[in-house]
Amino acid sequence: MSSSAQIRIRDLHKSFGENEVLRGIDLEIGEGEVVCVIGPSGSGKSTLLRCVNLLEEPGRGQVFVGGTEVTDPDVDIDAVRRRIGMVFQQFNLFPHLTVTENLTLPQRRVLGRDKAASARTAAENLARVGLSEKADAYPSALSGGQQQRVAIARALAMGPQVMLFDEPTSALDPELVGDVLAVMRMLADEGMTMMVVTHEMTFAREVADRVVFMDGGVVVEQGTPEQVIGAPRHERTRHFLSRLL
Ligand code: ADP
Ligand code: MG
């Protein structure tokens, strides 16, 4: 796996002041692999994702994305971020821009694509998430689930090598969760490398190649969904899962 690892995390530590939030994380995600990260609130899941794309400055340890060490002090942060798509719980769309404009703006600003090329890529990716008919709508006219699918399309339009999802369905009404998970499932089927923080255990069971359970800033256990969700070895994992049911 090491040779084709898209994300490689080695002994990663991160503190906020005195609070050590990540206490030595080791994790590899292979090309095309889908890894779901689960664990209680405050266990460091978001901080871990944010250290991968340098939204947080990692502490001790190393993070590699593709072949690049992103924890190298001389790394080109913008070049790293261009390779990584990130989807948050809050969709963070620009409210004063149409759906298409939300997709074209970062392509033009960050990638320097011209108007025609960015519009074409926007249209392709809106079609992928099933929202072509909303191209000229404003975000406020969309449901939460549709807004999140636009946010996914916006990330995809940048042509990322890996996608990071931080509880992408947690802010949605239950009836809207399925459409977003369906888009994520499609990406997984297409071979996208994905790291997904989620509480959706059905998704994790059905889509993840590997499930990682974090607690207290460490990986307590990881394995196939059958192993970690179906037959957890650690008491902390069992306790966490029992509270979700
Ligand atoms: P999770 O996503 O698993 O709920 P987080 O990574 O968000 O956990 O948070 C882990 C811990 O780090 C929490 O105790 C949280 O309060 C703390 N933390 C997260 N971000 C910051 C920050 N920017 N400044 C200070 N503390 C933070
Ligand atoms: Mg979080």
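Residues numbered from 1 in each chain as written. Chains lettered and ligands numbered in written order. Predicted model: local features only at pLDDT ≥ 70, side-chain atom pairs only at ≥ 80, totals over all residues. Heavy atoms only, no water.

As named in an unreviewed UniProt entry, the chain is Amino acid ABC transporter ATP-binding protein, taken from Streptomyces lannensis. The Subcellular location (unreviewed entry) comment attached to the chain in UniProt states, word for word, "Cell membrane". In UniProt, the chain has this text filed under Sequence similarities (unreviewed entry): "Belongs to the ABC transporter superfamily." (UniProt positions renumbered as here; feature names shortened; annotations may be inferred.)

What follows concerns the site of ligand 1. Residues in close proximity to ligand 1 include Phe16, Asn19, Val21, Pro40, Ser41, Gly42, Ser43, Gly44, Lys45, Ser46, Thr47 and Glu56, which together make up its full environment. Between ligand 1 and threonine 47 there is a distance of 2.6 Å, counted from an oxygen atom to a side-chain nitrogen or oxygen. Taking 560 Å² as the accessible area of ligand 1 by itself, protein coverage stands at 59%. When contributions to the shell around ligand 1 are tallied by element, the ones reaching two or more residues are β2 (19-30) and α1 (45-52). It is α1 that contributes the most residues to the shell around ligand 1, 3 residues altogether. When grouped by side-chain class, the residues that make up the shell around ligand 1 number 3 nonpolar, 7 polar and 2 charged. (Near = heavy atom within 4 Å. Polar contact = N/O pair within 3.5 Å; in protein donor to acceptor, adjacent residues only side chain to side chain. Areas by Shrake-Rupley, 256 points an atom, 1.4 Å probe, with all protein chains shown as cover. Helix = DSSP H or I, 4+ residues; strand = E, 2+ residues; numbered from the N terminus. Nonpolar A, V, L, I, M, F, W, Y, C, P; charged D, E, K, R; others polar.)

Let's shift gears to the UniProt feature "domain: ABC transporter" (unreviewed entry) in the chain. In this structure's numbering, the residues bearing the UniProt feature "domain: ABC transporter" (unreviewed entry) are residues 7-241. Helix makes up 38% of residues 7-241 and strand 25%, and the two end C-alpha atoms of the span are 26 Å apart.

Reported here for the largest pocket is a volume of approximately 640 Å³. Around the largest pocket, the lining comprises 24 residues; the ones closest to its centre are Met86, Pro106, Val110, Arg154 and Met158. Residue assignment for the lining of the largest pocket shows that the elements contributing at least two residues are α2 (77-82), β6 (84-87), α3 (99-111) and α5 (144-156). At 5 residues, α3 tops the list of elements feeding residues into the lining of the largest pocket. (1 Å grid on protein atoms, 1.4 Å probe; cavity = no way out; pocket = protein on both sides within 12 Å on 5 of 7 lines; lining within 4 Å. Points joined across faces, edges and corners; volume = space filled by probe spheres on them.)

As a further point, take the sheet that holds strand β1 (residues 5-16). The 4 strands lie next to each other as β2-β1-β4-β5, forming an open sheet whose pairing is antiparallel. With partners counted over all chains shown, the strands left at the sheet margins are β2 and β5 (68-69), one partner each. Looking at chain direction, β1 and β2 are connected through 9 bridges and run antiparallel. Following the sheet pairing, isoleucine 9 is matched in β2 by leucine 27. (Pairing = 2+ DSSP bridges.)

With that out of the way, let us pick up the confidence of the model for the chain. Low pLDDT means the predicted coordinates in that region are not meant to be read closely. Of all residues in the chain, 98% attain a pLDDT of 70 or more, and the chain-wide mean is 96. Scored as a complex, the prediction yields pTM 0.96 and ipTM 0.98. (pLDDT = per-residue confidence, 0-100.)

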